[in-house]
2 protein chains.
Amino acid sequence: MQKIESHACFGGRQEVWSHTATTLGCPMRFGVYLPPQAEREDCPVLYWLSGLTCTEQNFITKAGAQQYAAEHGLILVAADTSPRGEGVPDAEGYDLGQGAGFYLNATRPKWAANFRMYDYVVDELPALVDAHFPTTSARAISGHSMGGHGALMIALKNPGRYRSVSAFSPIAAPSHSPWGEKAFTAYLGEDREAWKAWDATALVGGAREKLPLLIDQGGEDEFLLPQLKPELLRVACEVAKHPLELRIRPGYDHSYYFIASYIGEHIAHHARALHG
Amino acid sequence: MQKIESHACFGGRQEVWSHTATTLGCPMRFGVYLPPQAEREDCPVLYWLSGLTCTEQNFITKAGAQQYAAEHGLILVAADTSPRGEGVPDAEGYDLGQGAGFYLNATRPKWAANFRMYDYVVDELPALVDAHFPTTSARAISGHSMGGHGALMIALKNPGRYRSVSAFSPIAAPSHSPWGEKAFTAYLGEDREAWKAWDATALVGGAREKLPLLIDQGGEDEFLLPQLKPELLRVACEVAKHPLELRIRPGYDHSYYFIASYIGEHIAHHARALHG
């Protein structure tokens, strides 16, 4: 573990750390915001998963989340979006390979050794965070776009592991999205049955825990169709009687200006679950 | 005037516009945040001047200021830091030429035709903003580092023009700072007497208006010495009996994490003056 950045921020500290990720076979960076409360007590952790092309930097520099984490006493952990580096496979285009890990465990030969973001986010990163920072066992997860889907999918696959889950503008049904179809075909192969284990809309029917899904979606999001399709997840939740709050925000787009506008509400939502 | 970006943000809109700047002889971009109040009434304007290497993007993506502008009904205008483009002179290094205009009017032949950021910020940009957006005549000015100094210097040189002024981590006495000495020598020549017209610490003694200067400065700012030197401005204000509130914030550095932590207090300060 090597500290790359450390900045005072809203009475706490925004840090960036580097470590060698054994699940991914490469060095990885993550952002951690330690609120002022973390100087004297253990705090619950909200994990954030970013969207295509992002690193750990986008959320920590643009979302304005530290203000609310300081208010509510939450640690924020912002993961990178894929393994990276010269020894890691990549592909043409921003939507596959480095910067586009989709938070799954790849099975196809080209990708299987490194592209295990699911194991990294679910197991390796929390173990590292819990070993190095003053955390309680209470965890929540959220994210944006590809990472919004990642948060939903990971929460649905891990009952009891997260106290709450939310998403901004998630790729809600990746098996029915050009981004998702391209990535799942590459990482998992042509067999669409294998995709269902990594698609929140496909998973919701079998979820063993009715953890409510909170989603904010911009009404003017340039990717709403054909990429995001929250109505497919809504139907799946209705059929499965899975609690979903899907809020369409008129006028908002896919950018961090949208996230910044509502991240305070999401952090308050997670704080209620994490401190409850 | 051409609209480059438009995003819903905290109930208002964050826009980026491009126009041909006659004072600078090149196309320029600026950010404008229109709070929700601007849909039904004219609003006062807070101008923001950024630091070395910045464009109009840094403040609008990283400071989190829109939240407070929406709360107080202020329009935010974020200028670029210099003229730009292939036809505009430049120099080696991030601290001279494009990205480093220092908000003055250059007199040396290489720079004099384009590097007139003072005229641009004081006259051309406000005229443009007032013609295109629902503004009142009430203006305030603020900024960071090179732009923090620019805000102080411009307010001191233009009594009555701004209702309030503030700065984060300003290059408080550029004539006594390596950054300032390099830029002033290039733009204004070797004669240090000519520099005094563009140096806030040199100007404060002759200011015809006792507009209070509000400054926040990080105590762990990596540029505090030898670049920023707020103690020189403090002494000048004491001698001139010019009101100054200089707040040293322990632990904070020079980054936007610092600005984000206190921009709410600055905007509240400007809102009191602008709505008063």
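Right above here is the structure, for reference.
What counts, and where the lines are drawn
Residues numbered from 1 in each chain as written. Chains lettered and ligands numbered in written order. Predicted model: local features only at pLDDT ≥ 70, side-chain atom pairs only at ≥ 80, totals over all residues. Heavy atoms only, no water. Buried < 20%, exposed > 50% of the residue type's maximum accessible area, 1.4 Å probe, protein only. Helix = DSSP H or I, 4+ residues; strand = E, 2+ residues; numbered from the N terminus. Pairing = 2+ DSSP bridges. Axes fitted to C-alpha atoms, helices over the stretch in contact; angles between N-to-C directions. Contact = heavy atoms within 4.5 Å. Left-handed = near helix turned anticlockwise from the far one by under 90°. Nonpolar A, V, L, I, M, F, W, Y, C, P; charged D, E, K, R; others polar.

Asks: Would you mind going over the pairing of strand β3 (residues 26-34) of chain A with me for this structure?
Replies: In summary, the side chains of a regular strand alternate between the two faces of the sheet. All names here are of chain A. For β3, the buried fraction is high: seven of the nine residues fall into the buried class. The hairpin formed by strand β2 (residues 12-21) and β3 contains four residues between the paired strands, and Gly25 there has a positive phi angle of roughly 70°. In this sheet, strand β5 (residues 75-79) lies alongside β3 in antiparallel orientation, the contact comprising four bridges. Bridge pairing in β5 places Phe30 opposite Ala79.

Asks: What is the right way to look at the sheet that holds strand β8 (residues 213-218) of chain A in this model?
Replies: Whenever strands of a sheet pair, they do so through backbone hydrogen bonds, lying parallel or antiparallel. Read across the sheet, nine strands follow the order β1-β2-β3-β5-β4-β6-β7-β8-β9 (chain A) without closing on themselves; strand pairing throughout is mixed. This sheet does not close on itself; its edge strands, each paired only once, are β1 (2-9) and β9 (244-249) of chain A. In this sheet, adjacent strand axes meet at a mean angle of 20° when their direction is disregarded. Where β2 of chain A meets β3 of chain A, nine bridges bridge the pair, whose relative direction is antiparallel. Bridging from a neighbouring strand, Ala21 of chain A pairs with Cys26 of chain A of β3 of chain A. Of the strands in this sheet, β4 (43-49), β5, β6 (135-143), β7 (164-168), β8 and β9 of chain A are in contact with helix α11 (residues 256-275) of chain A, which crosses β7 of chain A at around 175°. Strands β1 and β2 of chain A of the sheet are contacted by helix α11 (residues 256-275) of chain B, whose axis makes an angle of about 25° with β1 of chain A.

Asks: Can you walk me through the packing of helix α4 (residues 117-132) of chain B against helix α5 (residues 146-157) of chain B in this structure?
Replies: Packed helices, taken two at a time, are described by the angle their axes make and the gap between the axes. All names here are of chain B. At a minimum axis distance of 11 Å, the contact between α4 and α5 shows a crossing angle of 65°. Seen along the crossing, α4 lies across α5 with a hand that is right-handed. Contacts from Tyr118, Val121 and Val122 of α4 reach α5 at Met153, Ile154 and Lys157. Of the residues assigned to the contact of α4 with α5, the class counts are five nonpolar, no polar and one charged.

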